[in-house]
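For reference, the chains in residue letters:
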Amino acid sequence: MIDYKLFTIGPAQMYASTLEIRSHVVPYFRTAEFSQVMLDNAKLLKKLEGAEENAEVIVLTASGSGAMEATVTNCFDCHDKLLVICGGTFGERFVKICEIHGFPHEVIYLGEDEELKGEHLERFADGGFTGLLVNIDETYTGQLYDLHMISEFCKREGMYLIVDAISSFLCDPYEAAANYVDATIVSSQKGLCLAPGLSLVTLSPRMVNRLNKIDPHSLYFDFKDYILNMKRGQTPFTPAVGVCFELNDMLHKIDRQGLDKRLSEVKARCDYFRGLLNELPVHIPSFPLSNAITPVRFEKEIAKEFFEYLKNEKHVMVNPVGGELGKRSIRVSHVGSLALDDYDMLVREMKEFFGI
Ligand SMILES: *Cc1c(COP(=O)(O)O)cnc(C)c1O
(Lines give C-alpha, C1' and ligand atoms only; values in the text may rest on other atoms or scores of the structure.)
Protein backbone atom coordinates (compact mmCIF):
# COMPACT_ATOMS: atom_id res chain seq x y z
CA MET A 1 0.00 0.00 0.00
CA ILE A 2 1.39 3.40 -1.01
CA ASP A 3 1.59 6.20 1.55
CA TYR A 4 0.29 9.19 -0.35
CA LYS A 5 0.70 12.79 0.75
CA LEU A 6 -2.88 14.01 1.01
CA PHE A 7 -3.97 17.52 0.11
CA THR A 8 -7.52 16.17 0.14
CA ILE A 9 -10.39 16.84 2.47
CA GLY A 10 -11.95 13.60 3.45
CA PRO A 11 -9.84 11.53 4.18
CA ALA A 12 -7.20 14.08 5.09
CA GLN A 13 -3.54 13.68 6.05
CA MET A 14 -3.84 12.13 9.52
CA TYR A 15 -1.95 13.28 12.61
CA ALA A 16 0.58 10.92 14.23
CA SER A 17 -1.54 10.49 17.37
CA THR A 18 -4.50 9.29 15.25
CA LEU A 19 -2.28 6.76 13.48
CA GLU A 20 -1.03 5.54 16.84
CA ILE A 21 -4.59 4.97 18.11
CA ARG A 22 -5.44 3.12 14.90
CA SER A 23 -2.67 0.61 15.63
CA HIS A 24 -4.47 -0.72 18.75
CA VAL A 25 -7.08 -3.45 19.15
CA VAL A 26 -10.61 -2.03 18.91
CA PRO A 27 -12.20 -2.91 22.26
CA TYR A 28 -15.69 -4.16 23.10
CA PHE A 29 -17.90 -1.15 23.73
CA ARG A 30 -20.84 -1.93 26.04
CA THR A 31 -18.76 -0.90 29.02
CA ALA A 32 -18.71 1.94 31.52
CA GLU A 33 -15.26 2.96 30.22
CA PHE A 34 -16.49 3.38 26.65
CA SER A 35 -19.58 5.26 27.86
CA GLN A 36 -17.27 7.77 29.55
CA VAL A 37 -15.38 8.32 26.27
CA MET A 38 -18.65 8.92 24.43
CA LEU A 39 -20.01 11.37 27.01
CA ASP A 40 -16.69 13.18 26.95
CA ASN A 41 -16.82 13.32 23.12
CA ALA A 42 -20.29 14.87 23.22
CA LYS A 43 -19.28 17.47 25.81
CA LEU A 44 -16.14 18.55 23.92
CA LEU A 45 -17.88 18.58 20.54
CA LYS A 46 -20.59 20.90 21.86
CA LYS A 47 -17.92 23.17 23.29
CA LEU A 48 -16.00 23.38 19.98
CA GLU A 49 -19.22 23.96 17.99
CA GLY A 50 -20.38 26.66 20.38
CA ALA A 51 -23.59 24.69 20.94
CA GLU A 52 -25.91 24.95 23.93
CA GLU A 53 -24.78 22.94 26.95
CA ASN A 54 -28.06 21.03 26.89
CA ALA A 55 -27.88 20.35 23.14
CA GLU A 56 -27.96 16.64 22.19
CA VAL A 57 -25.26 14.90 20.15
CA ILE A 58 -26.25 12.02 17.87
CA VAL A 59 -23.33 9.71 17.04
CA LEU A 60 -24.07 7.96 13.75
CA THR A 61 -22.01 5.32 12.05
CA ALA A 62 -22.53 6.68 8.56
CA SER A 63 -20.78 8.98 6.14
CA GLY A 64 -21.84 12.61 6.00
CA SER A 65 -24.58 12.02 3.44
CA GLY A 66 -26.21 9.46 5.72
CA ALA A 67 -26.23 12.07 8.47
CA MET A 68 -27.69 14.68 6.09
CA GLU A 69 -30.55 12.34 5.17
CA ALA A 70 -31.12 11.24 8.77
CA THR A 71 -31.21 14.86 9.94
CA VAL A 72 -33.78 15.91 7.33
CA THR A 73 -36.04 12.90 7.97
CA ASN A 74 -35.88 13.22 11.77
CA CYS A 75 -36.37 16.98 11.92
CA PHE A 76 -39.04 17.41 9.22
CA ASP A 77 -41.88 15.64 7.46
CA CYS A 78 -44.25 16.17 4.54
CA HIS A 79 -46.12 18.91 6.46
CA ASP A 80 -43.02 21.10 6.41
CA LYS A 81 -41.83 23.45 3.69
CA LEU A 82 -38.08 23.64 3.25
CA LEU A 83 -35.78 26.13 1.59
CA VAL A 84 -32.56 24.65 0.22
CA ILE A 85 -29.47 26.62 -0.77
CA CYS A 86 -27.87 24.85 -3.71
CA GLY A 87 -24.56 26.09 -5.04
CA GLY A 88 -23.06 22.75 -6.03
CA THR A 89 -23.21 18.99 -5.69
CA PHE A 90 -23.62 18.98 -1.89
CA GLY A 91 -26.57 21.36 -2.13
CA GLU A 92 -28.00 19.06 -4.79
CA ARG A 93 -27.77 16.24 -2.25
CA PHE A 94 -30.12 18.09 0.11
CA VAL A 95 -32.48 18.71 -2.82
CA LYS A 96 -32.40 15.00 -3.70
CA ILE A 97 -33.20 14.06 -0.09
CA CYS A 98 -36.26 16.35 -0.10
CA GLU A 99 -37.39 14.87 -3.42
CA ILE A 100 -36.96 11.23 -2.38
CA HIS A 101 -38.88 11.73 0.85
CA GLY A 102 -41.54 13.93 -0.75
CA PHE A 103 -40.90 16.95 1.49
CA PRO A 104 -42.21 20.19 -0.03
CA HIS A 105 -39.27 22.43 -0.85
CA GLU A 106 -37.96 25.30 -2.92
CA VAL A 107 -34.39 25.77 -4.03
CA ILE A 108 -32.10 28.79 -4.31
CA TYR A 109 -29.85 27.75 -7.19
CA LEU A 110 -26.60 29.66 -7.52
CA GLY A 111 -24.84 29.92 -10.86
CA GLU A 112 -21.15 29.11 -11.30
CA ASP A 113 -19.17 31.78 -9.42
CA GLU A 114 -22.36 33.37 -8.05
CA GLU A 115 -22.13 34.58 -4.45
CA LEU A 116 -25.03 33.98 -2.05
CA LYS A 117 -26.47 37.37 -1.09
CA GLY A 118 -29.25 38.60 1.17
CA GLU A 119 -31.46 39.26 -1.85
CA HIS A 120 -31.47 35.54 -2.75
CA LEU A 121 -33.06 34.85 0.63
CA GLU A 122 -35.39 37.85 0.64
CA ARG A 123 -37.22 36.51 -2.42
CA PHE A 124 -38.49 33.72 -0.19
CA ALA A 125 -39.52 35.89 2.77
CA ASP A 126 -43.05 35.27 4.12
CA GLY A 127 -43.18 32.10 2.04
CA GLY A 128 -44.45 29.85 4.82
CA PHE A 129 -41.16 27.97 5.11
CA THR A 130 -40.47 25.96 8.26
CA GLY A 131 -36.83 25.06 7.70
CA LEU A 132 -33.67 25.95 5.78
CA LEU A 133 -30.99 23.49 4.66
CA VAL A 134 -27.49 24.72 3.87
CA ASN A 135 -23.98 23.33 3.36
CA ILE A 136 -22.20 26.24 5.00
CA ASP A 137 -19.07 25.46 2.99
CA GLU A 138 -20.31 24.13 -0.37
CA THR A 139 -17.23 21.96 -0.80
CA TYR A 140 -17.84 21.51 -4.53
CA THR A 141 -16.95 25.16 -5.21
CA GLY A 142 -15.36 26.10 -1.88
CA GLN A 143 -17.85 28.93 -1.31
CA LEU A 144 -18.36 29.76 2.36
CA TYR A 145 -21.84 31.18 2.88
CA ASP A 146 -22.52 33.91 5.44
CA LEU A 147 -23.91 32.01 8.43
CA HIS A 148 -24.88 35.18 10.26
CA MET A 149 -26.92 36.44 7.29
CA ILE A 150 -28.68 33.09 6.88
CA SER A 151 -29.33 32.80 10.59
CA GLU A 152 -30.87 36.31 10.83
CA PHE A 153 -33.21 35.42 7.95
CA CYS A 154 -34.26 32.15 9.61
CA LYS A 155 -34.81 33.83 12.96
CA ARG A 156 -37.00 36.53 11.40
CA GLU A 157 -38.98 33.93 9.42
CA GLY A 158 -39.30 31.52 12.35
CA MET A 159 -37.53 28.76 10.39
CA TYR A 160 -35.45 25.93 11.79
CA LEU A 161 -31.86 26.11 10.57
CA ILE A 162 -30.00 22.95 9.52
CA VAL A 163 -26.29 23.39 8.81
CA ASP A 164 -24.10 20.84 7.08
CA ALA A 165 -20.78 22.07 8.49
CA ILE A 166 -19.00 18.91 7.34
CA SER A 167 -16.11 20.61 5.56
CA SER A 168 -16.19 23.92 7.44
CA PHE A 169 -16.04 22.72 11.05
CA LEU A 170 -12.55 23.30 12.53
CA CYS A 171 -11.57 25.32 9.44
CA ASP A 172 -13.77 28.43 9.71
CA PRO A 173 -15.15 30.09 12.86
CA TYR A 174 -18.47 28.49 13.80
CA GLU A 175 -20.91 29.37 16.58
CA ALA A 176 -23.99 27.15 16.69
CA ALA A 177 -25.99 28.67 19.55
CA ALA A 178 -25.13 32.30 18.74
CA ASN A 179 -26.48 31.68 15.22
CA TYR A 180 -29.59 29.81 16.39
CA VAL A 181 -28.52 26.69 14.50
CA ASP A 182 -30.91 23.78 15.19
CA ALA A 183 -28.80 20.99 13.73
CA THR A 184 -25.08 20.94 12.97
CA ILE A 185 -23.73 18.02 10.94
CA VAL A 186 -20.02 17.09 10.97
CA SER A 187 -18.09 14.00 9.84
CA SER A 188 -14.96 12.27 11.07
CA GLN A 189 -12.96 12.34 7.83
CA LYS A 190 -12.98 16.11 7.19
CA GLY A 191 -11.63 18.80 9.56
CA LEU A 192 -11.26 16.28 12.36
CA CYS A 193 -8.83 14.34 10.11
CA LEU A 194 -9.95 10.93 11.38
CA ALA A 195 -10.90 7.75 9.53
CA PRO A 196 -14.25 7.88 7.71
CA GLY A 197 -17.27 6.24 9.30
CA LEU A 198 -18.54 8.53 12.01
CA SER A 199 -20.89 11.49 11.65
CA LEU A 200 -22.11 13.69 14.46
CA VAL A 201 -25.33 15.67 14.55
CA THR A 202 -25.77 18.27 17.29
CA LEU A 203 -29.38 19.30 17.94
CA SER A 204 -30.53 22.49 19.69
CA PRO A 205 -32.94 22.02 22.62
CA ARG A 206 -35.84 23.35 20.54
CA MET A 207 -35.08 20.83 17.79
CA VAL A 208 -34.92 18.03 20.37
CA ASN A 209 -38.48 18.97 21.42
CA ARG A 210 -39.64 18.90 17.82
CA LEU A 211 -38.41 15.32 17.28
CA ASN A 212 -41.35 14.00 19.30
CA LYS A 213 -43.73 15.19 16.60
CA ILE A 214 -41.88 13.52 13.71
CA ASP A 215 -41.83 9.85 12.72
CA PRO A 216 -38.70 9.19 10.63
CA HIS A 217 -39.99 5.72 9.56
CA SER A 218 -36.55 4.26 10.16
CA LEU A 219 -35.07 1.66 12.46
CA TYR A 220 -31.41 2.64 12.16
CA PHE A 221 -31.83 6.39 11.81
CA ASP A 222 -34.24 7.24 14.63
CA PHE A 223 -32.69 10.14 16.56
CA LYS A 224 -34.96 9.65 19.60
CA ASP A 225 -33.38 6.24 20.11
CA TYR A 226 -29.87 7.74 19.89
CA ILE A 227 -30.71 10.49 22.39
CA LEU A 228 -32.13 7.97 24.86
CA ASN A 229 -29.03 5.75 24.58
CA MET A 230 -26.64 8.69 24.79
CA LYS A 231 -27.98 9.52 28.27
CA ARG A 232 -25.74 6.63 29.36
CA GLY A 233 -23.00 7.25 26.78
CA GLN A 234 -24.11 4.55 24.38
CA THR A 235 -25.53 4.19 20.86
CA PRO A 236 -28.43 1.88 19.86
CA PHE A 237 -26.18 -0.03 17.42
CA THR A 238 -22.46 -0.78 17.17
CA PRO A 239 -20.68 2.49 16.44
CA ALA A 240 -17.39 2.85 14.54
CA VAL A 241 -15.72 2.15 17.89
CA GLY A 242 -12.16 2.81 16.75
CA VAL A 243 -13.11 6.19 15.29
CA CYS A 244 -14.79 7.13 18.59
CA PHE A 245 -11.36 6.76 20.26
CA GLU A 246 -9.66 8.74 17.50
CA LEU A 247 -12.31 11.42 18.02
CA ASN A 248 -11.66 11.60 21.75
CA ASP A 249 -7.94 12.07 21.15
CA MET A 250 -8.50 14.77 18.52
CA LEU A 251 -11.10 16.72 20.52
CA HIS A 252 -8.76 16.81 23.51
CA LYS A 253 -5.84 17.81 21.31
CA ILE A 254 -7.80 20.78 19.93
CA ASP A 255 -9.24 21.70 23.33
CA ARG A 256 -5.76 21.71 24.89
CA GLN A 257 -4.33 23.69 22.00
CA GLY A 258 -7.29 26.08 21.91
CA LEU A 259 -9.82 26.27 19.07
CA ASP A 260 -8.52 29.65 17.87
CA LYS A 261 -5.04 28.24 17.52
CA ARG A 262 -6.31 25.28 15.47
CA LEU A 263 -8.31 27.60 13.22
CA SER A 264 -5.35 29.90 12.71
CA GLU A 265 -3.13 26.95 11.76
CA VAL A 266 -5.57 25.98 9.00
CA LYS A 267 -5.89 29.60 7.90
CA ALA A 268 -2.10 30.04 7.82
CA ARG A 269 -1.72 27.06 5.44
CA CYS A 270 -4.60 28.38 3.36
CA ASP A 271 -3.24 31.94 3.08
CA TYR A 272 0.27 30.68 2.38
CA PHE A 273 -0.87 28.45 -0.49
CA ARG A 274 -3.15 31.12 -2.02
CA GLY A 275 -0.21 33.53 -1.94
CA LEU A 276 2.00 31.08 -3.85
CA LEU A 277 -0.61 30.74 -6.60
CA ASN A 278 0.18 34.27 -7.82
CA GLU A 279 3.19 32.77 -9.57
CA LEU A 280 1.07 30.36 -11.63
CA PRO A 281 -1.29 30.57 -14.63
CA VAL A 282 -4.33 29.77 -12.46
CA HIS A 283 -7.02 31.72 -10.67
CA ILE A 284 -9.32 31.25 -7.71
CA PRO A 285 -13.01 32.27 -7.65
CA SER A 286 -13.89 35.68 -6.23
CA PHE A 287 -16.72 34.61 -3.89
CA PRO A 288 -15.96 34.17 -0.15
CA LEU A 289 -13.99 30.97 0.40
CA SER A 290 -13.75 28.54 3.28
CA ASN A 291 -10.30 28.04 4.77
CA ALA A 292 -10.84 24.30 4.35
CA ILE A 293 -10.01 24.12 0.69
CA THR A 294 -8.75 26.23 -2.20
CA PRO A 295 -10.44 25.74 -5.57
CA VAL A 296 -7.75 26.13 -8.21
CA ARG A 297 -8.97 26.94 -11.72
CA PHE A 298 -6.71 26.29 -14.69
CA GLU A 299 -6.94 28.19 -17.95
CA LYS A 300 -7.07 24.96 -19.96
CA GLU A 301 -8.88 21.64 -19.47
CA ILE A 302 -5.91 19.91 -17.85
CA ALA A 303 -7.23 19.21 -14.34
CA LYS A 304 -7.71 15.46 -14.81
CA GLU A 305 -4.28 15.08 -16.36
CA PHE A 306 -2.67 17.05 -13.50
CA PHE A 307 -4.47 14.97 -10.86
CA GLU A 308 -3.27 11.70 -12.44
CA TYR A 309 0.29 13.04 -12.83
CA LEU A 310 0.51 14.01 -9.15
CA LYS A 311 -1.01 10.75 -7.97
CA ASN A 312 0.93 8.36 -10.18
CA GLU A 313 4.29 10.11 -10.50
CA LYS A 314 4.54 11.88 -7.16
CA HIS A 315 2.21 9.98 -4.81
CA VAL A 316 0.52 13.25 -3.99
CA MET A 317 -3.26 13.59 -3.97
CA VAL A 318 -5.32 16.71 -4.45
CA ASN A 319 -9.12 16.76 -4.64
CA PRO A 320 -10.45 16.35 -8.16
CA VAL A 321 -13.76 18.06 -8.97
CA GLY A 322 -16.69 16.22 -10.54
CA GLY A 323 -18.83 17.48 -13.41
CA GLU A 324 -18.11 20.16 -16.01
CA LEU A 325 -16.10 22.33 -13.61
CA GLY A 326 -13.78 19.37 -13.01
CA LYS A 327 -12.13 19.64 -16.41
CA ARG A 328 -10.29 22.79 -15.38
CA SER A 329 -10.47 22.76 -11.61
CA ILE A 330 -8.89 20.92 -8.69
CA ARG A 331 -9.18 21.63 -4.97
CA VAL A 332 -6.35 21.72 -2.46
CA SER A 333 -7.15 21.15 1.19
CA HIS A 334 -5.64 22.88 4.19
CA VAL A 335 -6.67 20.48 6.95
CA GLY A 336 -4.54 17.68 8.29
CA SER A 337 -0.98 17.16 9.38
CA LEU A 338 0.56 19.41 6.72
CA ALA A 339 3.32 22.00 6.99
CA LEU A 340 3.89 25.13 4.92
CA ASP A 341 6.76 23.50 3.04
CA ASP A 342 4.38 20.77 1.86
CA TYR A 343 2.69 23.57 -0.13
CA ASP A 344 6.08 24.69 -1.47
CA MET A 345 6.50 21.15 -2.74
CA LEU A 346 3.01 21.14 -4.31
CA VAL A 347 3.60 24.44 -6.08
CA ARG A 348 7.00 23.20 -7.31
CA GLU A 349 5.20 20.21 -8.82
CA MET A 350 2.63 22.50 -10.40
CA LYS A 351 5.39 24.59 -11.95
CA GLU A 352 7.11 21.48 -13.26
CA PHE A 353 3.83 20.32 -14.79
CA PHE A 354 3.30 23.70 -16.43
CA GLY A 355 6.94 23.80 -17.54
CA ILE A 356 7.71 27.10 -15.77
C1 LIG B 1 -17.83 15.54 2.41
C2 LIG B 1 -19.12 16.25 2.51
C3 LIG B 1 -20.31 15.57 2.77
C4 LIG B 1 -20.40 14.11 3.00
O5 LIG B 1 -19.97 13.29 2.01
P6 LIG B 1 -19.84 11.72 2.35
O7 LIG B 1 -19.07 11.22 1.18
O8 LIG B 1 -21.19 11.17 2.47
O9 LIG B 1 -19.08 11.66 3.64
C10 LIG B 1 -21.46 16.32 2.90
N11 LIG B 1 -21.46 17.64 2.77
C12 LIG B 1 -20.34 18.34 2.52
C13 LIG B 1 -20.42 19.83 2.43
C14 LIG B 1 -19.13 17.67 2.39
O15 LIG B 1 -18.01 18.36 2.15
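Our subject in this report is the structure included herewith.

About the cut-offs
- Residues numbered from 1 in each chain as written.
- Predicted model: local features only at pLDDT ≥ 70, side-chain atom pairs only at ≥ 80, totals over all residues.
- Heavy atoms only, no water.
- Near = heavy atom within 4 Å.
- Polar contact = N/O pair within 3.5 Å; in protein donor to acceptor, adjacent residues only side chain to side chain.
- Helix = DSSP H or I, 4+ residues; strand = E, 2+ residues; numbered from the N terminus.
- Nonpolar A, V, L, I, M, F, W, Y, C, P; charged D, E, K, R; others polar.
- Expected span 1.5 Å × (residues − 1).
- Buried < 20%, exposed > 50% of the residue type's maximum accessible area, 1.4 Å probe, protein only.
- 1 Å grid on protein atoms, 1.4 Å probe; cavity = no way out; pocket = protein on both sides within 12 Å on 5 of 7 lines; lining within 4 Å.
- Points joined across faces, edges and corners; volume = space filled by probe spheres on them.

## Things to note about the site of the ligand
Here is step 1: Around the ligand, the structure places 13 residues, and the nearest of them are Ser63, Ser65, Thr139, Asp164 and Lys190.
Here is step 2: Between Ser63 and the ligand, the recorded distance is 2.5 Å, taken from a side-chain N or O atom to an oxygen atom.
Here is step 3: Measuring from an oxygen atom of the ligand, one finds a backbone N or O atom of Gly64 at 3.0 Å.
Here is step 4: Elements represented by at least two residues in the shell around the ligand include exactly helix H3 (64-75) and helix H4 (89-101).
Here is step 5: Per element, the largest residue contribution to the shell around the ligand is three residues, and it comes from H3.
Here is step 6: Classifying every residue of the shell around the ligand gives three nonpolar, six polar and four charged.

## A look at H3
Here is step 1: Across its twelve residues, H3 extends 16 Å between first and last C-alpha, which sits within 8% of the 16 Å expected from 1.5 Å per residue.
Here is step 2: If you check which residues of H3 are buried, you get Gly64, Gly66, Ala67, Met68, Ala70, Thr71, Val72, Thr73, Asn74 and Cys75.

## Side note on empty space enclosed by the protein
Here is step 1: Applying the stated criterion across every chain yields a total of two cavities of 30 Å³ or more.
Here is step 2: By volume, the largest cavity amounts to about 40 Å³.
Here is step 3: Met38, Asn41, Ala42, Leu45, Val57, Val59, Leu200, Met230 and Leu247 together form the lining of the largest cavity.
Here is step 4: Of all the secondary-structure elements, those providing two or more residues to the lining of the largest cavity are helix H2 (32-49) and strand S2 (56-61).
Here is step 5: At four residues, H2 tops the list of elements feeding residues into the lining of the largest cavity.
Here is step 6: For the lining of the largest cavity, a count of residues per class yields eight nonpolar, one polar and no charged.
Here is step 7: Estimates place the volume of the second largest cavity at around 30 Å³.
Here is step 8: Here the lining of the second largest cavity gets three residues from one element, more than from any other, and that element is S2.
Here is step 9: Residue classes in the lining of the second largest cavity are distributed as six nonpolar, three polar and no charged.

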